[in-house]
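# Notes for the structure review
Each chain, written out:
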Amino acid sequence: MNAISGSGLKKADAASAASEDGPLYESRKQIYPQSVSGTFRNIKWVLLGVGMLVYYFLPFVRWDRGPDQPSQAVLVDLSNGRFYFFGIEIWPQEVYYFTGLLILASFTLFLMNAVAGRIWCGYLCPQTVWTDLYLLIERWTQGDRRERMLKAKQPWSLETVTEAILKHSLWLMIAWWTGGAWVLYFADAPTLVKQLVTFQAPAQAYIWILILTSTTYLLAGFAREQVCLYMCPWPRIQAALTDEYALNVSYRVDRGEPRASVKKAKLLREEGKPAGDCVDCGQCTAVCPTGVDIREGLSMGCIQCGLCIDACDNVMRKIGRPIGLIGYDTDDNIARRAEGLPALKPKLARPRTIVYVALIVAVASAMAFSLATRRSLGCDVMHDRNPIFVTLSDGSIRNVYTVRVLNPKGYERQFKLSLDGLPQGKLAVMGEAPGDAGGVPVVAPPDQTLELRVTVTTPPDAQLPQSTPIQMVLTDVKTGETVKKADYFKAP
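Small disclaimer: the values here were computed from a predicted structure and weren't measured.

Reading the values: rules and limits
Residues numbered from 1 in each chain as written. Predicted model: local features only at pLDDT ≥ 70, side-chain atom pairs only at ≥ 80, totals over all residues. Heavy atoms only, no water. Helix = DSSP H or I, 4+ residues; strand = E, 2+ residues; numbered from the N terminus. Rg over C-alpha atoms; globule rule 2.2 N^0.38 Å. Buried < 20%, exposed > 50% of the residue type's maximum accessible area, 1.4 Å probe, protein only. Contact = heavy atoms within 4.5 Å. Areas by Shrake-Rupley, 256 points an atom, 1.4 Å probe, with all protein chains shown as cover. Pairing = 2+ DSSP bridges. Phe/Tyr/Trp six-rings, centres within 6.5 Å; stacked < 30°, edge-to-face > 60°. Lys NZ or Arg CZ within 6 Å of the ring centre and 35° of its normal. Core = buried A, V, L, I, M, F, W, Y, C linked by side-chain atoms within 4.5 Å. Axes fitted to C-alpha atoms, helices over the stretch in contact; angles between N-to-C directions. Expected span 1.5 Å × (residues − 1). Arc of directions from axis to C-beta. Parallel < 35°, antiparallel > 145°, perpendicular 65-115°, else oblique. Left-handed = near helix turned anticlockwise from the far one by under 90°. Nonpolar A, V, L, I, M, F, W, Y, C, P; charged D, E, K, R; others polar.

### Some words on the overall build of the chain
Within the chain, the secondary structure is distributed over 17 helices and 14 strands. A globule of 492 residues ought to have a C-alpha radius of gyration of about 23 Å, yet the chain, at 34 Å, is considerably larger. The dimensions of the chain, computed from C-alpha atoms along their principal axes, are 115 × 70 × 60 Å. Across the 492 residues that make up the chain, the buried fraction comes to 40%. Intrachain contacts of the chain at a sequence separation of at least 6 include 68% that bridge at least 24 residues. Total accessible area on the chain is roughly 28000 Å²; 64% of this is exposed by carbon and sulfur atoms.

### Re the pairing of strand S11 (residues 440–444)
Regular strands place their side chains on alternate faces of the sheet. Alternating residues of S11 divide into Val 440, Val 442 and Ala 444, all buried, and Pro 441 and Val 443, none buried. Pairing of strand S9 (residues 413–420) with S11, which is carried by five bridges, proceeds in the antiparallel orientation. Across the sheet, Lys 416 pairs through a bridge with Pro 441, a residue of S11.

### Side note on the packing of aromatic side chains
Following the criterion strictly, the structure yields 15 aromatic pairs and no others. A ring pair is formed by Trp 63 and Phe 86, whose centres lie 5.5 Å apart and whose planes are at 90°; its orientation type is edge-to-face. Taken together, the residues Trp 63 in the loop between helix H2 (39–57) and strand S1 (74–77) and Phe 86 in the loop between strand S2 (82–85) and strand S3 (88–90) connect sequence positions 23 residues apart. Between the aromatic rings of Tyr 217 and Phe 222, the centroid separation amounts to 5.2 Å while the plane-to-plane angle is 80°, which identifies the pairing as edge-to-face. A connected cluster of aromatic rings, assembled from ring pairs, spans Tyr 55, Tyr 56, Trp 130 and Tyr 185. Looking at Arg 41, its charged tip hangs above the ring of Trp 45, at a distance of 3.8 Å from the centre. Lying over the aromatic face of Tyr 123, Lys 44 brings its terminal NZ or CZ to 5.7 Å of the ring centre.

### Some remarks on the nonpolar core
By size, the foremost hydrophobic cluster in this structure holds 23 residues, and its most contacted members are Tyr 401, Val 403, Leu 417, Val 454, Met 472 and Leu 474. For this core, the secondary-structure elements that each account for two or more residues are strand S6 (378–383), strand S8 (397–407), S9, strand S10 (426–429), S11, strand S12 (448–458), strand S13 (467–476) and strand S14 (482–490). Tallying contributions element by element places S8 first for this core, with four residues. For Val 403, the contacting residues outside a window of four places in its chain are Cys 379, Asp 380, Val 381, Leu 417, Leu 450, Glu 451, Leu 452 and Val 454. Core analysis: the second largest hydrophobic core is formed by 21 residues, Cys 228, Val 287, Cys 305 and Ile 360 among them.

### Quick notes on the sheet that holds S1
On the basis of which strands lie adjacent, the open sheet formed by three strands has the order S1-S2-S3 and antiparallel pairing. Every other strand in the sheet has two partners, leaving S1 and S3 as the edge strands with one partner each. The mean angle between the axes of side-by-side strands here comes to 10°, regardless of whether they run parallel or antiparallel. As paired strands, S1 and S2 are joined by four bridges and run antiparallel to one another. Paired with Val 76 across the two strands is Phe 83, which belongs to S2.

### Thoughts on helix H15 (residues 307–319)
Counted at 1.5 Å a residue, the expected span for H15 with its 13 residues is 18 Å, and the 19 Å between its end C-alpha atoms agrees. Its buried side turned inward, H15 meets H2, strand S4 (248–251), helix H12 (253–256), helix H14 (283–286) and strand S5 (326–329). Following H15 by one or two positions, Gly 320 has its phi on the positive side, about 75°.

### So, helix H8 (residues 189–197)
Those residues of H8 not exposed but buried are Ala 189, Leu 192 and Leu 196. For H8, the angular spread of buried residues about the axis comes to 65°, placing them on one side. Away from its buried face, by an angle of more than 90 degrees, H8 presents the exposed residues Lys 194 and Val 197. Buried residues belonging to H8 abut helix H7 (158–183) and helix H9 (203–223). Positive backbone phi, approximately 60°, marks Phe 199, located one or two places after H8.

### A short note on the packing of helix H3 (residues 96–116) against helix H17 (residues 351–373)
At a minimum axis separation of 9 Å, H3 and H17 run at an interaxial angle of 160°. In terms of orientation, H3 and H17 fall into the roughly antiparallel class. For the crossing formed where H3 meets H17, the hand is left-handed. Contact residues: H3 offers Tyr 96, Tyr 97, Gly 100, Leu 101, Ile 103, Leu 104, Phe 107, Thr 108, Phe 110, Leu 111, Ala 114 and Val 115, while H17 offers Arg 352, Thr 353, Tyr 356, Val 357, Leu 359, Ile 360, Val 363, Ala 364, Met 367, Ser 370 and Leu 371. Looking at side-chain class alone, the contact of H3 with H17 contains 18 nonpolar, four polar and one charged residues.

### Considering the packing of helix H5 (residues 126–142) against helix H6 (residues 145–153)
At their nearest, the axes of H5 and H6 sit 9 Å apart, and the two run at 70° to each other. By the criterion of interaxial angle, the relationship of H5 to H6 is roughly perpendicular. In this structure, H5 crosses over H6, and the sense of that crossing is left-handed. Contacts between H5 and H6 involve Glu 138, Arg 139 and Gln 142 on the former and, on the latter, Glu 147, Arg 148 and Lys 151. Along the lines of polarity and charge, the residues of the contact of H5 with H6 split into no nonpolar, one polar and five charged.

What follows is the structure in structure tokens.
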């Protein structure tokens, strides 16, 4: 009985706490963003167009790498362990380049946040870009905000059914193109397109297209702002990375309050009473893709896209008031205005941003230097330890080594393996014919590591210390590129 009553008390306490602090869960309210024109909307259109153009057509850009090499400019060749980006070829053992790219992306994101808040979210995030495209189709097929809201309250008709079918058909087509374009980065694009059309493509291609089609359709068509509010971790992370000097979309409280209609504000000004520029038209909220009222201050739902700035500026121009009631501003300037102090110019160059820029330059420079100086061949040498040396019947001394020749290229290559540092020594490959004074010929198969058993022999009359430094020199016959590996020749 006590347990039951205790449980009942706990439930009552939880219910009372929920009633005081608000509901633990609130069902989604459908958002109908209104179209808007202006500077920031134009910037978003340009970025959307360029981003879509690059994403959908980049797999078809060609790049000549020579015979028997893939001619796709950007290609992730999983079967052969290669990543091609125009003139750059990344091999499996160079996975650290991908680590460097991730580090660069992180520091760039931190820098963007330090300069202008969630500018990534508002302009470049794929969720934002594809949602913008889906909203464009929705407005084209079903009308702008007011029309869509009215149709949502009305019963289904032939017109609304036709519009809905057209909208969802276009949504699915874009989602299908999105999934199809993604798989084209993992195989030769023209060949894979032909295979997909003739149903001869690998099953994995169809599976991934289906997965990406469904996720694009659901996230951009239905989830939309829910992804930003509940699924994406970046809004929660960036709050810890920003400071009072970062630019954020903000409402000028000192200018906008107290709010009043155009006529009432005019009367108040004539009477010498305070009247803000905000006419409480709600356009800033109507155009927001996440339904945020920027006048209530910054919130996690604001993706800093700037559309509310365009909407407010348009209204200010119509009523003859100065633009900039909503704009990019810093917390420091907001605090200064509240104290009656003049605003300062944004501090773009400050310790935080300078450190980020320095880190980006350092990582990018290190990667560029590594790419510029890397070799297209490799050589490893390992001295046999049991025995370390062998004295032959004629008194000559022999050391045995295991030499691994790495050929990361996709074609067969001719090398010369020679010895440096031991003038009296003779180098030979076990099981192969002896070479000339220029070295032993080595043929390395494409995209493989060739393992050789190599002997170095000195004549009986050679006077050698117990350990002599030597170098194995591997030279590409065609290009002259060389790589040297140091070791020792052991003697009694």
